Amino acid sequence: MADENEVIVVGSGAGGGMMAHTLTDAGVNVLLLEAGRRYDAETDAAMFQLPMEAPLRGEGTPDKNDGYFDANIGGYEMPGQPYTLSGGKFRWWRSRQLGGRTHHFGRQVPRYGPEDFKVHTMTGREIDWPFSYDDIEPYYDRVETIIGLFGPDPDKAVYNSPQSPNHIRQEPPAPRASEMLFAKACEKMGIKTMAHPTAILTSPLNGREACFYATNCIRGCSIGAAFDSVTAYIKPAEETGKLSIITGAVAYKVLTDDSGKRATGIRYIDTETGEHREVFAKFVVLAPGSMESARILLNSKSEKAPDGLANSSGMVGKYISDTMFTSLWIHIPQLDYAPPHNEDGVSQPHIYAPWWLHGEEKEKDGADFSGGYKLEVDPYRGGRFGPPSMKATFGIMLHGRKGLYGDKLKDHMRRYYGSLLGIRTLGGMSVNENCYLTIDPDVKDKWGIPVPKFHWQWSDEDYRRGVHMNKTLHELAKNMGATVVRDAFDESRKAGKFVETGGETNHEIGGCRMGTSPKNSVLNQYSQTWDVDNLYVADGAPFVTHVEKNPTLTIMAMSMRAADNIIERLKENNL
Amino acid sequence: MSENQEKLSPNRRRVLQLMAVAGASAAYLNNYPNSGAKAQTRQKGYGQDVDVNNPVVTWDKTLNNNQLLNLTVIGDLIIPTDDKSPSASHLNITDFVDEWVSAPYPEQEKDREAIVSGLDRLNIQANRQDARFFHNLNADQQAAIFDTLAKSVEAGSASADDDFFFERLVYIYVGGFYTTDEGMADIGYVGNVPMESFDGPPEEVRKLLGV
Ligand SMILES: Cc1cc2nc3c(=O)[nH]c(=O)nc-3n(C[C@H](O)[C@H](O)[C@H](O)COP(=O)(O)OP(=O)(O)OC[C@H]3O[C@@H](n4cnc5c(N)ncnc54)[C@H](O)[C@@H]3O)c2cc1C
Ligand code: SF4
């Protein structure tokens, strides 16, 4: 059977799922290796369960970081699967299940803008991507058509934040009360707001139902309204009869022929038996999540590749990055004791303010950093009549309220539940050489595979961006008529963390960046390694720069582009 | 757990220190042989791959009877009955507090230590009024002691231990209570119901906000 495989894909999340889907759709035989177990939101998701039904009211623990019902198997710490640090602070979020992190991710799918692919040209810093917006645009269209999304009127898009065209996007839900106030305040500040492009259906698509505005997408969506890799990619791929899946398969080495220039297959651990196995194919695609891709390549050492496979540039593991994130919790006095109303919506932000300062305006403002940040109302934290949870809702309501109990406490809860909310900002990061991973020479995981060792350092430019983000949030609060209850940026700084710990926004990308030259990059523009002709990387590892837009749509668009390249090569070779 | 280990437990040590400070009688330890018990018991967490459709608490509840009785009194001081919702004890929130402080996770283990030792300190105060446990005091005495504690926390004059004890107690009771049907109805959570469309806030709310 193994011999029939034309392509081995490692990992079934955003990047791997898309790869398997595109290849099998074109009739290519694919073997998918997935470290975790089978997972299907249709049966595995807990949608309507209330906190009351879970241990500890469903609060996060070291076992389930984002709560008992979160559709994630893994988290920052996994028993027997450690990682280490060589400097700075970094936390590595992992999801080990079919579909990877797509079952619980926020479904925010903004497109990168034209400027985002040429940061070097714009600022003289970092490097440009080897392709332009025009090259990737058709792939954005195609990915969006498959995953389905709601988004704003594309004609109202602002500079460098392009939006999905009308024939693809679906109508967004109305903004919530707090978001209307947010929009009004932004308008006063000269900042445009619009629906946030989000991979949630508001109308049925390909047998998937429309959202019913009631449950939290991070628990998974069993009606298929929220995109996940299993629903949109893997199940249809299985229907083609071209996809084989091995779950419980932890890949750790790319096998090559004697020349070291051709990948022949993958060696993996069967997690059930602990046995080491090998599978072979014409092409190998790594998509186990950015950090794991770099780890596998660095662990794939051989005589021909003493520093790790596809690493002649020495760039594997380098230039990793994460989104900057900070928030304020604010109090809206007009909403004290407000009449209860349903604020669930799609459980994600309905609207946002894309980055608004460019060119001269940016210079005039003194915003001295590359890229920018976006603003939104935090759907998870604060009260705002959202789903009650201990830390995220009540922890904020009780913050700083010392000695409160009895009748006064009960009154306090009624007054503030609807009138406290979070406003947040996600910012780009200036990719720098002090953020990287290497392989720990001593520490191994429970199967004996050497683990990654991370080094993290925010740059001065990030610091300036962070200060600016925080300042804007305060202005926004003021324009919303709100007082600030808590300031996450301030708290982080007091805790010596600057913005937050690297990796904690869970948008860690890079480690195998693409470029125009084998000297300063690992991959070419089709995500193909410069050194090993038939080896591709299709998760977040190829990213060159890190902007304020969440990365996953771009991961999937690049994965599809890489898949097209493989399909073309298979055809050309008449294989 | 052997006698020896128990004596070495941090709670025990802290109680002894406190007693030295408070000048309480050495008979205290004989009166409260279980106050720190099981704090060190390793229990099992639920692991990373839970069956979300059949949630189970995988650890035993560990508070003793007197601790539970004390907490029941305190729970109703924190969340009393009024015309909109019942008190904490009506909804058995103390049982949830027991589940919480018995859980084998760091946050909860820290809370356990704070709460068990905080209850011990309240017992010491009860001793001064010739009651064996806080819950043996009459309602006025209980309310007075608790109010004094709350006022000192509010004024910032409470010890760090008392401050944390009070903060966490309130947090866990509030968390337990306002996630019940009655608690959610009290504050006005009306979601978790499927809808055809999401049309935004009602007119009256928009008016409040001027949007
Ligand atoms: C709470 C949260 C919210 C998020 N919200 C958003 C958002 O709104 N928008 C956005 O764009 N991004 C968001 N993200 C990030 C998003 O989840 C990732 O960018 C995306 O899933 C990455 O895709 P991937 O294919 O690289 O990896 P993953 O989706 O993580 O998939 C990797 C897969 O590979 C498997 N695997 C790992 N190692 C091996 C191995 N050695 N062998 C075999 N298989 C392996 C894993 O089990 C997993 O299934 C969020 C993340 C989190 C945690
Ligand atoms: S909010 Fe909508 S899309 Fe999200 S899980 Fe619920 S039904 Fe699915």
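As shown above, the structure is provided for reference.
1. Considerations on the site of ligand 1
All names here are of chain A.
Here is step 1: With respect to spatial proximity, 37 residues lie near ligand 1, and among them Glu34, Gly106, Gln108, Glu292 and Thr552 are the closest.
Here is step 2: Between ligand 1 and the protein, one listed contact pairs an oxygen atom with a side-chain N or O atom of Glu34 at 2.5 Å.
Here is step 3: Take Gly100: an N or O atom from its main chain is 3.2 Å from an oxygen atom of ligand 1.
Here is step 4: In isolation ligand 1 offers 990 Å² of accessible surface; the protein chains occlude 95% of this area.
Here is step 5: Looking at the shell around ligand 1, the elements with two or more residues in it are α1 (14-25), β2 (30-34), β8 (249-256), α7 (290-299) and α13 (552-572).

2. Here we look at the sheet that holds strand β11 (residues 283-286) of chain A
All names here are of chain A.
Here is step 1: An order of β7-β2-β1-β11-β21 is seen for the five strands of this open sheet, with the pairing classed as parallel. Of all the strands in the sheet, the pair left with one neighbour each is β7 (243-247) and β21 (535-537). Pairs of neighbouring strands in the sheet enclose a mean axial angle of 20 degrees, with direction left out of account.
Here is step 2: Strand direction decides the pairing type here: strand β1 (residues 7-10) and β11, joined by four bridges, are parallel. Considered in β11, the bridge of Ile8 is made with Val284.
Here is step 3: Strands in contact with α1 are β1, β2, β7 and β11; relative to β1, the strand with the most contacts, it is inclined by about 160 degrees.

3. Re the packing of aromatic side chains
Residue and element names in this part refer to chain A.
Here is step 1: For the structure on display, the rule yields 37 aromatic pairs over all chains.
Here is step 2: Seen from their ring centres, Phe90 and Trp456 are 5.3 Å apart, and the 35 degrees between their planes marks the pair as tilted. Of the two residues, Phe90 is situated in the loop between β4 (84-87) and β5 (94-95) and Trp456 in the loop between β18 (450-455) and α11 (460-479); the sequence distance between them amounts to 366 residues.
Here is step 3: For Phe90, a relative accessible area of 4% puts it in the buried group.
Here is step 4: Under the relative-accessibility criterion, Trp456 is labelled buried at 4%.
Here is step 5: A ring pair is formed by Phe283 and Tyr536, whose centres lie 6.1 Å apart and whose planes are at 55 degrees; its orientation type is tilted. One end of the pair, Phe283, is in strand β11; the other, Tyr536, is in strand β21, and 253 residues separate them in sequence. Tyr536 carries the same exposure label as Phe283, and that label is buried.

4. Section: the site of ligand 2
Here is step 1: Taken together, the residues surrounding ligand 2 are Met47, Ile200, Cys211, Phe212, Thr215, Cys217, Gly220, Cys221, Ile223, Ala225, Ala226 and Val346 of chain A.
Here is step 2: Split into classes, the residues belonging to the shell around ligand 2 amount to ten nonpolar, two polar and no charged.

5. A look at the pairing of β2 of chain A
Looking down a regular strand, the side chains alternate between one sheet face and the other.
All names here are of chain A.
Here is step 1: Buried residues dominate β2, accounting for five of its five residues.
Here is step 2: Residues Val30, Leu32 and Glu34 line one face of β2 and the alternating positions Leu31 and Leu33 line the opposite face, and both faces are buried.
Here is step 3: Across four bridges, the pairing between β1 and β2 is parallel. Bridging across to β2, Val9 finds its partner in Leu32.
Here is step 4: Remark: the β1/α1/β2 crossover connection has right-handed handedness.

Scoring rules and cut-offs
- Residues numbered from 1 in each chain as written.
- Chains lettered and ligands numbered in written order.
- Predicted model: local features only at pLDDT ≥ 70, side-chain atom pairs only at ≥ 80, totals over all residues.
- Heavy atoms only, no water.
- Near = heavy atom within 4 Å.
- Polar contact = N/O pair within 3.5 Å; in protein donor to acceptor, adjacent residues only side chain to side chain.
- Areas by Shrake-Rupley, 256 points an atom, 1.4 Å probe, with all protein chains shown as cover.
- Helix = DSSP H or I, 4+ residues; strand = E, 2+ residues; numbered from the N terminus.
- Pairing = 2+ DSSP bridges.
- Axes fitted to C-alpha atoms, helices over the stretch in contact; angles between N-to-C directions.
- Contact = heavy atoms within 4.5 Å.
- Phe/Tyr/Trp six-rings, centres within 6.5 Å; stacked < 30°, edge-to-face > 60°.
- Buried < 20%, exposed > 50% of the residue type's maximum accessible area, 1.4 Å probe, protein only.
- Nonpolar A, V, L, I, M, F, W, Y, C, P; charged D, E, K, R; others polar.
- Right-handed = clockwise from strand over helix to strand, strands pointing away.

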